[in-house]
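Residues per chain, in single letters:
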Amino acid sequence: HFGRYLRERLRGKRVQYIRGRQEFYGRRFRVTPAVLIPRPETEHLVEAALELAREAQAAVDVGTGSGAIAVTLALEMRTRVVATDISEAALAVAAGNAERLGAEVAFVRCDLAAALAARSVDLVVSNPPYVPRNQIASLQREVRDWEPQAALCGGESGLEFYGRLVAEAERVLRPGGWLVVELGMGQHKAVRRLLSQRWSRPRISKDLAGLPRVLAARLEA
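First, a word on scope: everything that follows refers to the structure included in this document. Predicted, not measured: the structure shown is a model, and the values here were computed from it.

So, how was this worked out
Residues numbered from 1 in each chain as written. Predicted model: local features only at pLDDT ≥ 70, side-chain atom pairs only at ≥ 80, totals over all residues. Heavy atoms only, no water. Helix = DSSP H or I, 4+ residues; strand = E, 2+ residues; numbered from the N terminus. Rg over C-alpha atoms; globule rule 2.2 N^0.38 Å. Buried < 20%, exposed > 50% of the residue type's maximum accessible area, 1.4 Å probe, protein only. Contact = heavy atoms within 4.5 Å. Areas by Shrake-Rupley, 256 points an atom, 1.4 Å probe, with all protein chains shown as cover. Lys, Arg positive; Asp, Glu negative; His and termini not counted. Charge placed at Lys NZ, Arg CZ, Asp CG, Glu CD. Right-handed = clockwise from strand over helix to strand, strands pointing away. Pairing = 2+ DSSP bridges. Disulfide = S-S within 2.5 Å. Phe/Tyr/Trp six-rings, centres within 6.5 Å; stacked < 30°, edge-to-face > 60°.

### A closer look at the overall build of the protein
Then step 1. Looking only at helices and strands, the protein features eight helices and nine strands.
Then step 2. Computed over the C-alpha atoms, the radius of gyration of the protein is 17 Å, within 12% of the 17 Å expected from 2.2 N^0.38 for a compact globule of 221 residues.
Then step 3. Going through the 221 residues of the protein one by one, you find that 54% of them count as buried.
Then step 4. A separation of at least 24 residues holds for 65% of the contacts in the protein among residues at least 6 apart in sequence.
Then step 5. When the accessible surface of the protein is split by element, carbon and sulfur atoms take 50% of a total near 10600 Å².
Then step 6. Positive and negative side-chain charges in the protein, numbering 33 and 25 respectively, have mean positions lying 3 Å apart.

Next up, the structure:
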């Protein structure tokens, strides 16, 4: 298959899609062009969730994609995890990863957390689309042409999904629950300003490059 793989790579197809897999938090996940390839930076989101909400009884991963976050939390926390996505193809990939890795995750097709009842979870995690629309064309060809646009584009400002996500988290979280989200470059101050007075203890975690990568905040009563 080497000749076919080489032709695909020359067209810009990412190696992870050619091989059909990507490592995340010490586990191997299947990936297809229907899902965003899990990045090492997203492991910081998992670490923050484990530190702040390990005792959570129920969690939701909003926009699960490959299921890497949801599956990892289900296996590391031994808690009830729901994973949502608007893409049926992405949910099929995520469900396959959960089954292969022995994780108990419920998968729901919906917009953000629309299918969840109010005050039903203790932890909301998400790696939402956060690339501003006018920056999509300048992304690396491997990302721009091969990874799903719906998982990349965060609207005109890149903040569109954060605003909606904060509102959804206020609805579905129980008092004392945590919201943990990945951040795009330079977005930490703007996302923090989206938090209402109902949120306390907001904290920003940096990645290995020293860039603000994860925001976590606790919902008060």
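And the narrative resumes.
### What to know about the pairing of strand β4 (residues 80–85)
Then step 1. Along β4, five of the six residues are buried, which leaves the element largely enclosed by surrounding structure.
Then step 2. Following the chain from strand β3 (residues 58–62) across helix α4 (residues 68–77) to the adjacent parallel β4, one finds a crossover that is right-handed.
Then step 3. Note: β4 against strand β5 (residues 105–109), five bridges, orientation parallel. Across the sheet, Asp85 pairs through a bridge with Arg109, a residue of β5.
Then step 4. Handedness of the β4-helix α5 (residues 88–101)-β5 crossover: right-handed.

### Topic: the environment of Phe24
Then step 1. Its place among the elements puts Phe24 in strand β1 (residues 21–24).
Then step 2. Here the alpha-carbon distance between Phe24 and Pro40, two residues 16 residues apart in the chain, equals 6.9 Å.
Then step 3. Once residues lying within four places of it in the same chain are set aside, the contact partners of Phe24 are Phe29, Pro38, Arg39, Thr42, Glu43, Val46, Ala68, Ile69 and Thr72.

### Examining the state of the cysteines
Then step 1. Scanning the model with the defined rule gives zero disulfides in all.
Then step 2. Between Cys110, a free cysteine, and Cys153, which holds the nearest cysteine sulfur, the sulfur-to-sulfur gap is 20 Å.
Then step 3. Judged by its relative accessible area of 11%, Cys110 is buried.

### Re the packing of aromatic side chains
Then step 1. In the structure shown here, the tally under the stated rule is one aromatic pair.
Then step 2. Pairing Phe24 with Phe29 gives two aromatic rings, centres 6.2 Å apart and planes at 80°, and the pair type is edge-to-face. Across this residue pair, the class does not change: Phe24 and Phe29 are buried.

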